[in-house]
Amino acid sequence: MAWRASKFISVLVLALWVMPAPAKADASNAEVMAFISGMADTAILSLTAEDIERDVRKERFRQMVHDYFAIKSIAKWVLKRHWRRATTEQKNEYLMLFENMLLERYVDAFKNYTGETLEVDRAEKRGERDYIVHTFLKRPGATKPVDVGWRVGVGSRGGEKVFKIVDIFVNG
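These lines cover the structure that appears in this document, whether it is placed above or below. Residue positions are given per chain, counting from 1 as you read along its sequence in written order. Reporting in this predicted model follows two pLDDT cut-offs: at least 70 for local features of residues, and 80 or more for side-chain atom pairs to be given and counted; totals over whole chains, interfaces and linings ignore these cut-offs and use all residues. Water and hydrogen atoms play no part in the side-chain values, which are based on all heavy atoms of the structure.

1. As for the packing of helix H4 (residues 71–79) against helix H6 (residues 88–106)
Phase 1: Running from N to C, H4 and H6 cross one another at 100 degrees; their axes reach a closest spacing of 10 Å. Taken together, the axis directions place H4 and H6 in an arrangement best described as roughly perpendicular. Residues Ile71, Lys72, Ile74, Ala75, Val78 and Leu79 of H4 touch H6, and the partners they reach there are Tyr94, Leu95, Phe98 and Leu102.
Phase 2: Following the grouping adopted for this structure description, the nonpolar residues are Ala, Val, Leu, Ile, Met, Phe, Trp, Tyr, Cys and Pro, the charged ones are Asp, Glu, Lys and Arg, and the polar ones are all others, Gly among them. Looking at side-chain class alone, the contact of H4 with H6 contains nine nonpolar, no polar and one charged residues. Angles shown run from 0 to 180 degrees and are taken between the N-to-C directions of axes, each axis being a line fitted to C-alpha atoms and, for helices, limited to the stretch in contact. Segments assigned H or I by DSSP are reported as helices when at least four residues long, segments assigned E as strands when at least two residues long, and all are numbered from the N terminus. An angle below 35 degrees is treated as roughly parallel, one above 145 as roughly antiparallel, one from 65 to 115 as roughly perpendicular, and anything else as oblique. Two residues form a contact once any of their heavy atoms are found within 4.5 Å.

2. Describing the packing of aromatic side chains
Phase 1: When two rings of Phe, Tyr or Trp (its six-membered ring) have centres within 6.5 Å they constitute a pair, described as stacked for plane angles under 30 degrees, edge-to-face for angles over 60, and tilted for the intermediate range. Following the criterion strictly, the structure yields five aromatic pairs and no others.
Phase 2: Taking 5.9 Å as the distance between ring centres and 40 degrees as the angle between the ring planes, the aromatic pair formed by tyrosine 94 and phenylalanine 98 counts as tilted. Here the residue tyrosine 94 and the residue phenylalanine 98 both occupy positions in helix H6, the gap between them amounting to four residues, near one helical turn. The same class applies to tyrosine 94 as to phenylalanine 98, namely buried.
Phase 3: Here the aromatic cluster, defined as three or more aromatic residues joined through ring pairs, consists of Phe35, Tyr68 and Phe163.
Phase 4: Residue placement shows arginine 105 over the ring face of tyrosine 106; its charged tip is 4.9 Å from the ring centre. Per-residue accessibility, obtained with a 1.4 Å probe over protein chains only, is compared with the maximum for each type, and a residue is labelled buried under 20%, exposed over 50%, and partly exposed between these values. Remark: a charge is flagged as sitting over a ring if the NZ atom of Lys or the CZ atom of Arg is within 6 Å of the ring centre and within 35 degrees of the ring normal.

3. A few points about the nonpolar core
Phase 1: Within the largest apolar cluster, 38 residues are counted, with the highest numbers of intra-cluster contacts made by Val32, Ile36, Phe61, Val133, Trp150, Val152 and Ile165.
Phase 2: Breaking this core down by element, the ones donating at least two residues are helix H2 (29–47), helix H3 (54–68), H4, H6, strand S1 (117–127), strand S2 (130–138), strand S3 (146–157) and strand S4 (160–170).
Phase 3: Here the element with the most residues in this core is H2; it accounts for seven residues.
Phase 4: Apart from the residues lying within four places of it in its own chain, the contact partners of valine 133 are Val32, Met33, Ile36, Val120, Arg122, Ala123, Val148, Gly149, Trp150 and Val152. Note on terminology: a nonpolar core comprises buried Ala, Val, Leu, Ile, Met, Phe, Trp, Tyr and Cys residues joined through side-chain atoms within 4.5 Å.

4. Overview of the environment of tyrosine 94
Phase 1: Residue class for tyrosine 94 comes out buried when judged on its relative accessible area of 17%.
Phase 2: Counting along the chain gives eleven residues from tyrosine 94 to tryptophan 83, while the straight-line C-alpha distance between them is 9.4 Å.

5. Some remarks on H6
Phase 1: Take the number of residues in a helix, subtract one, and multiply by 1.5 Å to get its expected span. Between the first and last C-alpha of H6 there are 27 Å, a value that for 19 residues agrees with the 27 Å anticipated at 1.5 Å per step.
Phase 2: Within the sequence span of H6, burial applies to Tyr94, Phe98, Glu99, Leu102, Leu103 and Tyr106. On an axial view of H6, the arc spanned by its buried residues comes to 165 degrees, and they lie on one face. When we speak of the arc, we mean the arc of directions from the helix axis to the C-beta atoms.

6. Some remarks on the pattern of salt bridges
Phase 1: Definition used for salt bridges: Asp or Glu carboxyl oxygen within 4 Å of a side-chain nitrogen of Lys or Arg. Taken as a whole and assessed by the stated rule, the structure comprises ten salt bridges.
Phase 2: Between glutamate 124 and arginine 126 there is a salt bridge, and its shortest N-O distance comes to 3.5 Å.
Phase 3: Note that arginine 151 and aspartate 130 form a salt bridge whose closest N and O atoms lie 2.9 Å from each other. Of this pair, arginine 151 sits in strand S3 while aspartate 130 sits in strand S2; the two residues are 21 residues apart in sequence, bridging distant segments of the chain.
Phase 4: Accessibility expressed as a relative area gives 11% for arginine 151, which makes it buried.
Phase 5: Beyond isolated ion pairs, a larger network of salt bridges with shared partners links Arg54, Lys58, Glu104 and Asp108.

7. Re the side chain of serine 46
Phase 1: Structurally, the position occupied by serine 46 is in helix H2.
Phase 2: Whenever two N or O atoms come within 3.5 Å, that pair is a polar contact, provided that in protein one can donate a hydrogen and the other can accept it, and provided that, for residues adjacent in sequence, both atoms are side-chain atoms. Looking at serine 46, its side chain comes within polar contact range of the main-chain oxygen of threonine 42, at 2.7 Å.
Phase 3: Those residues in contact with serine 46 that lie beyond four places of it in its chain are Ile52, Arg60 and Met64.

8. Examining unusual backbone geometry
Phase 1: In the Ramachandran plot, lysine 80 falls in the positive-phi region, its phi being about 55 degrees despite a non-glycine side chain.
Phase 2: The residue lysine 80 is located in the loop between H4 and helix H5 (82–85) in this model.
Phase 3: Judged by its relative accessible area of 52%, lysine 80 is exposed.

Put into structure tokens, the structure is as follows:
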């Protein structure tokens, strides 16, 4: 469950509480904790090897963003009231540019992985489809871990539960 994440986490702190479609089945604390743990495992396995070409790392990172984050909701929140005023063409261009900005800005951080670990501590249910997973990012040589909270929305697609990260907060 280790991964290089401090810079990646920083940009995603911009996200706000935007939920996916309602879930047909309630999720458990264990399920949302497993989701975050799985995200960390995926990141370490697919993004941190030094010999991966940048283009390959970038595409793997893009897939992770789509698999684990409510990227469209996050992007809309960043734009705030301007989203409603934008044309469909402007919205589509913005979403593409926002995603590309994230990828370009943070993809290289994973190349410099130095053994950070993400320890999943606990989860708490905040609403019907809203959970916070509390974790600690431990960095080699650091005296104190970084508290990272992951707000996870639970929805459904085709009768299956869907988990998406909708907000991240660091040290409260």
